[in-house]
Amino acid sequence: MSQPYSKKIAGYAVCCISALAAVTFSQMSQADAASMTFSVTGTNSASNNALASSVVFDDLLNPGKLTVTLTNMKNVSVPSDVLTSVFWDYAGSPLNLSLISATAATVTQNNPSTTTNNVNLLKTSTNVQEWAFASTTNSAGLKGITQDYGLGTAGLGIFQGIGGQQQFNYGIIDGYNANANPAIKGGSFVDNSATFVLSGLPTNFDISKIGSVRFQYGTALSEPSIIKAQGTYYSPPPPPPKKVPEPGTTAALGLFAVGALKVVRKKSLVVA
């Protein structure tokens, strides 16, 4: 048998084997991934302003990591209108999480009116960390609250290593009310939402076990806070199944591959 012909037969065999491998891989299942959304509304008695915020926990955007998107949907007048922290519980084995990313699409100042895009909240332009993560295995929860995990820009006696002269700086707002006080006008704030990525999720992590979410406003735990016990669970629908050859077709591909390899070996011996 000529060498080119042998290579052609061998090529057919490789193609068949690759097809079999593809069929086997397509039958493997993927790990579940989903999100939990918590939304709250209320009123700040100090300013009489409406409060409305949400947080989305997602383990699909960054596989193996927990992505947290925190949003304030209301304008502010005073520091206690500013969303400065979020806390939560996990009804499972304790999680050993680490904050590896914290970003804001826009940071705004009202006086003077300026905006900065794509801000790293772990290391701003002044080399300061503005948001931090905290957790505890204490059954009583973090200091002053009952939740075990949290993200915040105000210290609150909980978060360490964050800077800035005003604790509400880099808190989240959705804009300024006409009666915003000088402290608000002179501050720096995340516009609308911030996104955080936490590493260290275990393989058996179940996002539906997140609950008892506390939204904290202002710079003290005594200022407005709203707790949402249960969120909304969402799991994206699975992709449509790929067409898999009938068992008979798969078997035929396998037999052809084996037969082709035998022909190549036999012809090689005859030529020799």
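Located above this text is the structure these notes cover.
What comes next is a walk through the structure. (Residues numbered from 1 in each chain as written. Predicted model: local features only at pLDDT ≥ 70, side-chain atom pairs only at ≥ 80, totals over all residues. Heavy atoms only, no water.)

### Side note on the overall build of the protein
For the protein, the count of helices and strands is three helices and 14 strands. The buried share of the protein, taken over its 272 residues, is 40%. Expressed as a percentage of contacts within the protein between residues at least 6 apart in sequence, the contacts between residues at least 24 apart total 65%. (Helix = DSSP H or I, 4+ residues; strand = E, 2+ residues; numbered from the N terminus. Buried < 20%, exposed > 50% of the residue type's maximum accessible area, 1.4 Å probe, protein only. Contact = heavy atoms within 4.5 Å.)

### A word on the nonpolar core
Core analysis: the biggest nonpolar cluster contains 40 residues, and Phe 57, Trp 88 and Ile 210 have the highest contact counts within it. Every element with two or more residues in this core is listed here: β1 (35-44), β2 (49-58), β3 (65-72), β4 (83-90), β5 (98-110), β8 (149-152), β11 (193-199) and β12 (210-217). When sequence neighbours within four positions are dropped, the list of residues in contact with Ile 210 reads Met 36, Phe 38, Phe 57, Leu 66, Trp 88, Asp 89, Tyr 90 and Phe 205. If you look at the next biggest cluster of nonpolar residues, it comprises nine residues, including Phe 87, Ala 134, Ile 145 and Ala 154. (Core = buried A, V, L, I, M, F, W, Y, C linked by side-chain atoms within 4.5 Å.)

### Some points on unusual backbone geometry
Positioned with a positive phi, Asn 192 is a non-glycine residue whose angle comes to about 80 degrees. Relative to the helices and strands, Asn 192 resides in the loop between β10 (188-191) and β11. You can call Asn 192 partly exposed: its relative accessible area is 29%. Positive phi, close to 50 degrees, is recorded for Ser 212, a residue that is not glycine. Considering the arrangement of structural elements, one finds Ser 212 in strand β12.

### Brief notes about the packing of aromatic side chains
With the rule as written, the count across this model stands at nine aromatic pairs. Ring geometry for Tyr 90 versus Phe 205: centroids 5.2 Å apart, planes at 15 degrees, classification stacked. Of this pair, Tyr 90 sits in strand β4 while Phe 205 is found in the loop between β11 and β12, placing the two residues 115 residues apart along the sequence. Each member of the pair Tyr 90 and Phe 205 is classed as buried. (Phe/Tyr/Trp six-rings, centres within 6.5 Å; stacked < 30°, edge-to-face > 60°.)

### Looking at the environment of Gly 152
Summarising the element assignment, Gly 152 is placed in strand β8. You can call Gly 152 buried: its relative accessible area is 0%. When residues no more than four places from it in sequence are discounted, the contact partners of Gly 152 are Thr 84, Ser 85, Glu 130, Trp 131, Ala 132, Phe 159 and Ile 162.

### Concerning the environment of Phe 168
Note on placement: Phe 168 falls in the loop between β8 and β9 (172-173). Classification of Phe 168 as buried rests on a relative accessible area of 4%. When the C-alpha atoms of Phe 168 and Ser 85 are compared, they prove to be 9.9 Å apart, with 83 residues separating the residues in sequence. Beyond its immediate stretch of four places on either side in the chain, Phe 168 contacts Pro 79, Val 82, Thr 84, Ala 183, Ser 188, Phe 189 and Thr 219.

### Some words on the environment of Val 76
Here Val 76 lies in the loop between β3 and β4. Here Val 76 is in contact with Asp 81, Val 82, Ile 173, Gly 175, Tyr 176, Asn 177, Ala 180 and Ile 184, once residues within four sequence places are set aside.

### Concerning empty space enclosed by the protein
Counted under the stated rule, the structure contains one cavity of 30 Å³ or more. In this structure, the largest cavity encloses a volume near 30 Å³. At three residues, the largest contribution of residues to the lining of the largest cavity is made by β2. Here the residues of the lining of the largest cavity sort into five nonpolar, two polar and two charged. (1 Å grid on protein atoms, 1.4 Å probe; cavity = no way out; pocket = protein on both sides within 12 Å on 5 of 7 lines; lining within 4 Å. Points joined across faces, edges and corners; volume = space filled by probe spheres on them. Nonpolar A, V, L, I, M, F, W, Y, C, P; charged D, E, K, R; others polar.)

### Let's talk about the side chain of Asp 59
On the secondary structure map, Asp 59 appears in the loop between β2 and β3. Buried within the structure, Asp 59 lacks any salt-bridge partner; its nearest side chain of opposite charge belongs to Lys 209, at an N-O separation of 12 Å. From its side chain, Asp 59 meets the backbone nitrogen of Ala 34 in a polar contact 2.8 Å long. (Lys, Arg positive; Asp, Glu negative; His and termini not counted. Salt bridge = Lys/Arg side-chain N within 4 Å of Asp/Glu carboxyl O. Polar contact = N/O pair within 3.5 Å; in protein donor to acceptor, adjacent residues only side chain to side chain.)

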